[in-house]
Structure formats: structure tokens, C-alpha cells
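Structural description and commentary
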Amino acid sequence: MYPGKKRINTLAFAISVCLLIVSLAASAKPKDTGKSAAKDVPVYKVDPFWPKPLPNKWILQGIPVLVTDKDDHIWAISRPGDIKPDESGASTTPPRTDCCVAAPAVVEFDTDGNLLHGWGGPGYTPGWPKPSEHAILVDKEGNVWLSSGGRGNSIQKFTGDGKFLWDFGHRAPPLAQGQTAKENNQQTDILQGGVFEFTLDEDAQEIYLIEQKRVLVYGYDGSFKRGWGGKGKPLDKISNDPTPPYDWKAGAPPDQEEFAPALHCVHIAPDGLVYVCERGSDRVQVFTKQGKFVTSFFVHPSTIARGAECGGPGSTMYGMCGTIYNLTFSHDADGKYVLIADGTNDKVWIQDRKTGAVAGSVGDNGRMAGYFHWIDAIAVDSHGNMYTGEVDTGKRVQKFILTNGDKAKRPRPHD
């Protein structure tokens, strides 16, 4: 190679690196929403090398939920059942290919991206979620709580290293072949829809969960405490009829009283208000812990939220629907903003949690670091760094470093 050509190749490489850095920075910077961004709007920089390679030829699968704990460890559900034949060649006897094997259902990372533990999967305990795992939460004692939606599922609690401790119960019995169950938002002894998502109020020893068209609160002993529907409607007033579709091409979903399934998350903000993700209406509803309605706001409401034109994993006809898959709160002391994982638009929306005003967004649809394909999970650590997880064929976790925080440490383990 002559010297001139070598210099040209070196220059081209340097330019490529610079373009990559600009791309990564642009993907994580809140985008202009037409107004001057407030100085306190969080700004993130993606860490393209997080996490580190997994051991044992493990490969991550769909990540529907992840959380942080009191030690800033990141815990994620990685659904082993999502693995495809072209990913699992090392699981056969003899191995068909050099890699890979599905990682365990529960994986724990430190902030540097090292895998600390992995355990669990289908059949791990009687009552393990079927057909797949969905929700995870780690309490102050380091116990791991798991659940999933679907008839027959409930909540189970484990030690951090996977020893079974407790089952919540309230499981709906199986249906006879050909039998269907009508929605029932009044009974509280069994949960027909399982426990798709939940959170804890550890001081009050209460479990908040979402199911069908309602929020339900139980004690740690499994006793029912209270519940409510959309905009605080009493349980006995909630309709058991299916939620009707709407003409999404004509505008935003109707601002109806009833919740529109699927309800996709429930979280308690730093000030004690309860936030519910209402994916079926592109809407967040906010309540007191006693169920009094406080406010609501939409999340990119021009996106179709429900109806016949909604596809799921593997659909070749329609894309996903709904914009509010999960949320967490910004690092400042009051949690001024909600960070909303939108798996349909593949963004993290940054919105004022009291007014709903859009302050910016992070990411877009894509496969590069800092972009998303079907983002479903989101959490923050005590320093405000943000972690995300993707399902469908995304199948990864990412870390975004908060670049303009106040450096205070504020654990938010249930966000």
C-alpha cells in the first residue's frame, strides 16, 4: 500500500468514528419540541458498550420489564421462550452451532454491565408464569417479586439468588375446553387476567396491581384493601363490556371515564401519587393512593391506541398500538418529569408529570445504540442513569448516562 492510500484510509476511519459519536449523541439528546427546552430537562448519552458480553453462551431474549434495586443493580426479565432456532444452536445435543443458549429468565447486572446472577425459567417453581414471564420488582430486603398476565398467573417472591419464598395466590382456575370467561371487574378473590404489572408501597406493606379495567390494592397477606377504575370510578360501577374501538384517523382517543385495556404499568411517584399506564387510550392517569382521580394526560395521541388495526409480535399486516408501555420518574428530587417508554413510536418521551407537556424525547426506531425496536422496559438508578429493554426482535438492554444531573443519590427502586 502506498503512503497516500494509507493516509486516506486513516482519514476515512477517523471520519467514520466521528460520525458514530455524533449519531450516538444525537440519539440520546432530547429533541426540540418547538419551544426552548427547560434547563432541567434530563439529557442522556448512550453507553454503547453496556452491558458486557454474557457468560455460558447466554443470549438475552425479550426484555418486557427491568428495575433497579437499593444497590443500583439492574434486574431484568429475559424471556427464554422468545428464543428462535437461529439463536439457540448451542442448546442442542450435540450443539448445532457455536452459540447460543437462552439466558435465564431473571438476570442481574451491576452498573458497569457485569452479569452478577441469572436464574429461573419455565417450570422453575409450581406456579411459574405461563406462557412467559413479564414483571419483576426488587424490594428493600433484596427479595425478587415476579408476575405475569394471563389466566392462572399470580405473583411469586424469591430471594435474590432464586430461592422460593411466597405465592400471592388469587389465581383464576383453568377453563374447560371451549369455555370463555366474561370480564368481571367487581370480584376480587381471583384475578382473571393474572398480574400483568404491579408495584409495592413497602411502608404500608401494600401491593398495587392492574388487571382488566381497574387498579387493585392488597396487603402483603393477600387481603383485599381497595380498588378503582378509570378516573376513580368505584369497582361496582365499572363496565364489564369490551372497550369499543374508535376512529383513530379522526384524532386522539376519546377522553373516556373507563380505563381502556391494556393497562401496562402502575408506579408510585416521589410525592406518593399513583401513575397508571393506559396503553389502550395513549393516556396516563394519576390518582391518590386512596383512588381519588387527580389528572390525566395523553402521550402522542395521534398514534392508534386500539382496534382491529393493531398487530402484535410477528404480525405482517399491522404494527403495534398504544404509546404508554411503561414509565419512570426523572432524577430530580420531585421527579418533575415522567420518562415514558413508547414501544410503538420507539421513543422515550419526556413529559411534565403534572401537566403532561412534552419537554423532549430520546431515541427513535432503529437498531443502532441509542435507538429502539419495541422498547418495553425503562428504569433509572440512584444517579439518574436510564436503562431500557426491548422485546420482539429487539431483545436487548441499554444504558443511558445522565449528563446534566445534580450528582445527588436518590434510589428509586420501584420505578
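Notes on the structure in this doc start here.

The rules behind each value
- Residues numbered from 1 in each chain as written.
- Predicted model: local features only at pLDDT ≥ 70, side-chain atom pairs only at ≥ 80, totals over all residues.
- Heavy atoms only, no water.
- Helix = DSSP H or I, 4+ residues; strand = E, 2+ residues; numbered from the N terminus.
- Rg over C-alpha atoms; globule rule 2.2 N^0.38 Å.
- Buried < 20%, exposed > 50% of the residue type's maximum accessible area, 1.4 Å probe, protein only.
- Contact = heavy atoms within 4.5 Å.
- Areas by Shrake-Rupley, 256 points an atom, 1.4 Å probe, with all protein chains shown as cover.
- Lys, Arg positive; Asp, Glu negative; His and termini not counted.
- Charge placed at Lys NZ, Arg CZ, Asp CG, Glu CD.
- Pairing = 2+ DSSP bridges.
- 1 Å grid on protein atoms, 1.4 Å probe; cavity = no way out; pocket = protein on both sides within 12 Å on 5 of 7 lines; lining within 4 Å.
- Points joined across faces, edges and corners; volume = space filled by probe spheres on them.
- Nonpolar A, V, L, I, M, F, W, Y, C, P; charged D, E, K, R; others polar.
- Axes fitted to C-alpha atoms, helices over the stretch in contact; angles between N-to-C directions.

**Observations concerning the overall build of the protein chain**
Scanning the protein chain from N- to C-terminus turns up 1 helix and 26 strands. For the protein chain, whose C-alpha radius of gyration is 22 Å, the value lies close to the compact-globule estimate of 22 Å for 415 residues. On the principal axes, the C-alpha backbone points of the protein chain span a range of 80 × 60 × 45 Å. The burial tally for the protein chain puts 52% of its 415 residues in the buried class. Across the protein chain, contacts joining residues at least 24 apart in sequence account for 54% of those joining residues at least 6 apart. On the protein chain, roughly 18400 Å² of surface is accessible, and the fraction owed to carbon and sulfur atoms is 56%. When the 46 positive and 49 negative side-chain charges of the protein chain are each reduced to one mean point, those points stand 4 Å apart.

**Remarks on the pairing of strand S24 (residues 375-380)**
Taken across its 6 residues, S24 has 6 buried, putting it largely inside the fold. In this structure, S24 lies alongside strand S25 (residues 386-390), joined through 5 bridges in antiparallel fashion. Directly across from Val-380, in S25, lies its bridge partner Met-386. Connecting S24 to the antiparallel partner S25 that follows it, the hairpin turn spans 5 residues, and Gly-384 within it adopts a positive phi of roughly 90 degrees.

**Concerning empty space enclosed by the protein**
One pass over the structure, following the stated rule, counts 1 cavity of 30 Å³ or more. Estimates place the volume of the largest cavity at around 70 Å³. Elements with a minimum of two residues in the lining of the largest cavity: strand S3 (66-68), strand S8 (135-138) and strand S12 (197-201). Here the lining of the largest cavity is built from residues that sort into 7 nonpolar, 3 polar and 2 charged.

**Let's talk about the sheet that holds S24**
Read across the open sheet, the 4 strands follow the order S1-S26-S25-S24; overall the sheet is antiparallel. Bordering the open sheet on either side are strand S1 (44-47) and S24, each of which pairs with just one other strand. Neighbour-to-neighbour, the strand axes of the sheet open up by a mean angle of 25 degrees, direction not taken into account.

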